[in-house]
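Below are the chains, spelled out letter by letter.
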Amino acid sequence: MEQVLNGILERIEKIHETTIPLLIAIDGRCGSGKTTLGEALAKRLHASLIHMDDFYLQEYQRTQERYNEPGGNVDRERFKKEVLEPLKEHQDVLYRPFDCSTMSISEGTVYPYKPINIIEGSYSCHPELIDAYGITVFLDIDEPLRLKRIEERNGKEALNMFIKKWIPLEEKYFSSFDIQNHCDFYFKAGR
């Protein structure tokens, strides 16, 4: 993890003086360490951390047509409007995560504007979003380690849901847009 952090921090030093706000996207396979890296960077840089998982589709958006789109299972439209646009204008962000228990968007919390912001999660480097970032990172992982981490984190029943639904959706997105080759950094866990 330290090698990953140091490589990214070195790049940040080079571009942060001319890139404000600096948005850093961390995309990659589930279980690869996106949240862990995002938390470490946010702490080191005193940055805001925003999770793409908080932008699940709202009920009315959950159509077969939308799920057929590579990367279509996140609410990119709301993410752009509520996060990217305010940050671009150096404004605070009203961060309103989607609450799966109520199937609704929460009232949210105001994140004061910060010059550095970390966006972590699968689908964060979607072609409709990637141009907003100054730095992009792709985290990969060996399959056995991936499945082990998902099971440890989410349990055996959830692992089956990941295998049947979430992993295929991710893989479709990654292969359709060649995400890892469009990112500035690539790191793989489990080598």
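For clarity, every value in this text was computed on a predicted model and none was experimentally measured.

*Asks:* Could you clarify how one ought to interpret the sheet that holds strand 1 (residues 22-28) in this entry?
*Replies:* The strand order across the open sheet built from five strands is 2-7-1-8-9, with neighbouring strands paired in parallel fashion. The strands lining the two open edges of the sheet, one partner per strand, are strand 2 (48-51) and strand 9 (185-189). The mean inter-strand angle of the sheet, taken between neighbouring strand axes irrespective of direction, is 20 degrees. Looking at chain direction, strand 8 (residues 135-141) and strand 9 are connected through five bridges and run parallel.

*Asks:* Would you explain the packing of aromatic side chains in this entry?
*Replies:* The geometry of an aromatic ring pair is captured by two quantities: the separation of the ring centres and the angle between the planes. Using the criterion set out here, one finds eleven aromatic pairs in the structure. Consider the rings of Y56 and F98, whose centres lie 6.4 Å apart with planes at 85 degrees: the pair is edge-to-face. Of this pair, Y56 sits in the loop between strand 2 and helix 3 (64-68) while F98 sits in strand 4 (residues 98-99); the two residues are 42 residues apart in sequence, bridging distant segments of the chain. Under the relative-accessibility criterion, Y56 is labelled partly exposed at 26%. Overall, F98 belongs to the buried group, its relative accessible area being 5%. Aromatic pair Y173 and F177: ring centres 6.1 Å apart, planes at 70 degrees, arrangement edge-to-face. With Y173 and F177 both in helix 6 (residues 156-177) and four residues apart, the pair spans about one turn of that helix. With relative accessibility at 0%, the residue Y173 sits in the buried group. Residue F177 is classed as partly exposed on the basis of its relative accessible area, which comes to 25%.

*Asks:* I would appreciate a short explanation of the pattern of salt bridges in the present structure.
*Replies:* Oppositely charged side chains can form a pair if their charged atoms are brought close together. Scanning the model with the defined rule gives 15 salt bridges in all. One salt bridge connects E82 with R96, and the closest N-O pair in it is separated by 2.5 Å. A residue pair is termed long-range when its members are at least 10 positions apart, and E82 in helix 4 (residues 76-88) and R96 in the loop between strand 3 (93-95) and strand 4 qualify at 14 residues. Exposure remark for R96: the relative accessible area of 23% places this residue in the partly exposed category. Between D142 and K188 there is a salt bridge whose closest N-O contact spans 3.2 Å. Here D142 is found in the loop between strand 8 and helix 5 (143-154), whereas its partner K188 is found in strand 9, with 46 residues between them in sequence. Assessed through its relative accessible area of 24%, D142 is described here as partly exposed. Linked by salt bridges that have partners in common, R29, D140, E143, R146, E170 and E171 make up one network.

What counts, and where the lines are drawn
- Residues numbered from 1 in each chain as written.
- Predicted model: local features only at pLDDT ≥ 70, side-chain atom pairs only at ≥ 80, totals over all residues.
- Heavy atoms only, no water.
- Pairing = 2+ DSSP bridges.
- Helix = DSSP H or I, 4+ residues; strand = E, 2+ residues; numbered from the N terminus.
- Axes fitted to C-alpha atoms, helices over the stretch in contact; angles between N-to-C directions.
- Phe/Tyr/Trp six-rings, centres within 6.5 Å; stacked < 30°, edge-to-face > 60°.
- Buried < 20%, exposed > 50% of the residue type's maximum accessible area, 1.4 Å probe, protein only.
- Salt bridge = Lys/Arg side-chain N within 4 Å of Asp/Glu carboxyl O.

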